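# Notes for the structure review
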Amino acid sequence: MYFCFTGGTKILIATGAPSDNGRNTEIVDLENSNFSCTKVEPFPFKLNGATGGLMNGQKPFICGGCVGGECDCDDNCGGTYSKDCYQLTETGSWVKDQTAKLYTARLYAGFGSVLMNNKLYLIGGYNGYELRSIEMLSPNTIAQTHSVQLPTGFSAHCQVPWDSENILVIGGDNGSRREETYFINYKNNQLKSGPSLNT
C-alpha cells in the first residue's frame, strides 16, 4: 500500500495549470483537512492536460499531456505532446513507465478519470487537431486502441464511469462547445448517443 494513500478518501492532484506550477503534486484527504503528505516529490518536468488515476493497488499512473509548454484555452500546447506514462513509486518519486506508452500523443483526453477493467481510458483529446480515437492501458502494458471511435474528434470533455460496463462522455470542445453526450460500452464495443445538454 502506498505511504500516503492509507486510511480515508484520498485524491492525488498532480501537475497541471498554471504551467509555472506544472510540477506540483499534492494528496488531499477528503475526510481529514489536517492531512499532509510531504513524501511526494514534484513531477520531473512541467506537464498539463494529462490523464491519470489510481490503478491496481492504488498505484498513481499518469499518461499523455503537454510537456513544458504554456497551454492556452484553444488547446495549443506550446510544448511537446506526450505519449509517455509515469508511475508514482512507493518512495514518492515519479518514474517513466518503460512499457506503457500511448499510440497517439494527446492532451485534454477528458476531465475525470475513467478506470474500467483495470485500464485507464483516454477518450479523444487534442494533438494539433481534435482526436476521435480511444486508448486504454495499465501500468507496464502496451496501450490498446479501442475498436470504437468517437463520431467526431473533440477534447476537454467530462467522462465518468456510468456503470460496470459503460462510460458516459459529456460535452467537450471541437472548435465550439458541444452539447452531445455518448455512452461507450467497453464490453460489447458499442457507442450510442445520450441526451443532449440544454446549454
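What this report covers is the structure whose coordinates are included nearby. (Residues numbered from 1 in each chain as written. Predicted model: local features only at pLDDT ≥ 70, side-chain atom pairs only at ≥ 80, totals over all residues. Heavy atoms only, no water.)

## With respect to the sheet that holds strand β6 (residues 66-67)
Applied cut-off: Note on pairing: DSSP must find at least two bridges between two strands before they are called paired. Only DSSP runs of H or I covering at least 4 residues are called helices, and only runs of E covering at least 2 are called strands; the numbering of each starts at the N terminus.
Strands sit in the order β3-β6-β7 across an open sheet of three strands; the sheet is antiparallel. In the strand order of this sheet, the two ends are held by β3 (47-48) and β7 (80-81), each with one partner. Where β6 meets β7, two bridges bridge the pair, whose relative direction is antiparallel. Its bridge partner lying in β7, Val67 is registered against Thr80.

## Describing the sheet that holds strand β17 (residues 190-193)
Put simply, the rule is: Fitted lines through C-alpha atoms serve as axes, helices being fitted only where they are in contact, and the angles separating the N-to-C directions of these axes extend from 0 to 180 degrees.
If you walk across this open sheet you meet the four strands as β14-β15-β16-β17, and the pairing is antiparallel. Two strands lie at the open edges of the sheet, namely β14 (158-161) and β17, each paired on one side alone. Across the sheet, the axes of successive neighbouring strands diverge by a mean angle of 20 degrees, strand direction being ignored. Pairing geometry for β14 and strand β15 (residues 166-170), over four bridges, is antiparallel. Within β15, the position partnered with Gln159 by the bridge is Val169.

## Considering unusual backbone geometry
Definition in use: With a 1.4 Å probe rolled over the protein chains alone, any residue whose accessible area is under 20% of its type maximum counts as buried; one over 50% counts as exposed, and the rest are partly exposed.
Phi is positive for Ala156, close to 55 degrees, though the residue is something other than glycine. Along the chain, the position of Ala156 falls in the loop between β13 (144-145) and β14. A positive phi is found at Asn189, a non-glycine position, where the angle reads about 55 degrees. Considering the arrangement of structural elements, one finds Asn189 in the loop between β16 (181-185) and β17. Judged by relative accessible area, Asn189 falls into the partly exposed class, the value being 38%.

## Points about the layout of surface pockets
Over the atoms a probe the size of a water molecule is rolled, and this reveals where empty space is left. The line we're drawing: Here a cavity means grid points, on a 1 Å grid over the protein atoms only, where a 1.4 Å probe fits yet cannot get out; a pocket means an open set of points with protein on both sides within 12 Å along at least five of seven lines; lining residues are those with an atom within 4 Å of a point. Grid points are joined across faces, edges and corners, and a volume is the space filled by probe spheres set on the points. In this classification, the charged set is Asp, Glu, Lys and Arg, the nonpolar set is Ala, Val, Leu, Ile, Met, Phe, Trp, Tyr, Cys and Pro, and all remaining amino acids, among them Gly, are polar.
The space that makes up the largest pocket amounts to roughly 470 Å³. Together, 22 residues line the largest pocket, and Leu12, Ala14, Ala50, Thr51 and Gly52 are the ones closest to its centre. For the lining of the largest pocket, the secondary structure elements donating two or more residues are β1 (10-14), β4 (51-55) and β5 (59-63). Top contributing element to the lining of the largest pocket by residue count: β1, with five residues. For the lining of the largest pocket, the per-class residue count stands at 11 nonpolar, 10 polar and one charged.

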